[in-house]
Amino acid sequence: AELGGGGGGGMDPGAAAGALLAALLAAFLLGQYLLNATRGLSPAPTPAPRARDGEYTRDEVAKHDSRQDAWIIVEGKVYDITDYVDDHVGGLAILRNAGGDATEGFKGPQHPSSVWETLDSFLIGTLVESKKAQ
């Protein structure tokens, strides 16, 4: 007995499975394309809530100079950019000044004006010359 009632109007089970597989593959590829096409435009990850009013010396900031723990200074403010390193469109160039002052590099022509909003979400405090006696 033929599938589909024997009238010739039914689809061969092999052809049906092939069509289903092709449709699933097309949907997956379209999803991957859309994901990759928008990756550069997606907002920066939202860092975990943290204090934004800390005071840090250059020596303290200098201890945070790796991909796993990256702080930078921009215009006298201190930012913990660790959670952003892997999402930085410019790759690991973001680490060039990790642990130090990145103001000059940050203000380069490679950054759009919206970069200030992104940076602000990683603010942890201000740079101070020395810690005040407690």
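This write-up is about the structure you can find in this document.

The rules behind each value
Residues numbered from 1 in each chain as written. Predicted model: local features only at pLDDT ≥ 70, side-chain atom pairs only at ≥ 80, totals over all residues. Heavy atoms only, no water. Helix = DSSP H or I, 4+ residues; strand = E, 2+ residues; numbered from the N terminus. Core = buried A, V, L, I, M, F, W, Y, C linked by side-chain atoms within 4.5 Å. Buried < 20%, exposed > 50% of the residue type's maximum accessible area, 1.4 Å probe, protein only. Contact = heavy atoms within 4.5 Å. Salt bridge = Lys/Arg side-chain N within 4 Å of Asp/Glu carboxyl O.

Looking at the environment of Gly90
Then, in step 1: With respect to the helices and strands, the residue Gly90 is situated in the loop between strand S4 (77-80) and helix H3 (103-106).
Then, in step 2: For the pair Gly90 and Gln110, spaced 20 residues apart in sequence, the C-alpha to C-alpha distance is 8.7 Å.

As for the nonpolar core
Then, in step 1: Formed by 15 residues in total, the largest nonpolar core has its most connected members in Ile72, Val74, Tyr79, Ile81 and Leu119.
Then, in step 2: Within the residue set of this core, elements represented by two or more residues are strand S3 (69-74) and helix H4 (115-120).
Then, in step 3: At 3 residues, S3 tops the list of elements feeding residues into this core.
Then, in step 4: In contact with Val74, not counting residues within four places along its chain, are Tyr79, Ala102, Thr103, Phe106, Trp116 and Leu119.
Then, in step 5: Listed in part, the 6 residues of the second largest apolar core include Tyr56, Trp71, Val78 and Ile124.

Observations regarding the pattern of salt bridges
Then, in step 1: Taken as a whole, this structure holds 3 salt bridges when the rule is applied.
Then, in step 2: Measuring nitrogen to oxygen at the nearest pair gives 3.1 Å for the salt bridge that ties Asp120 to Arg52. Taken as a pair, Asp120 in helix H4 and Arg52 in the loop between helix H1 (13-39) and strand S1 (54-56) lie far apart in primary sequence, 68 residues in all.
Then, in step 3: Note on Asp120: relative accessible area 36%, which makes it partly exposed.

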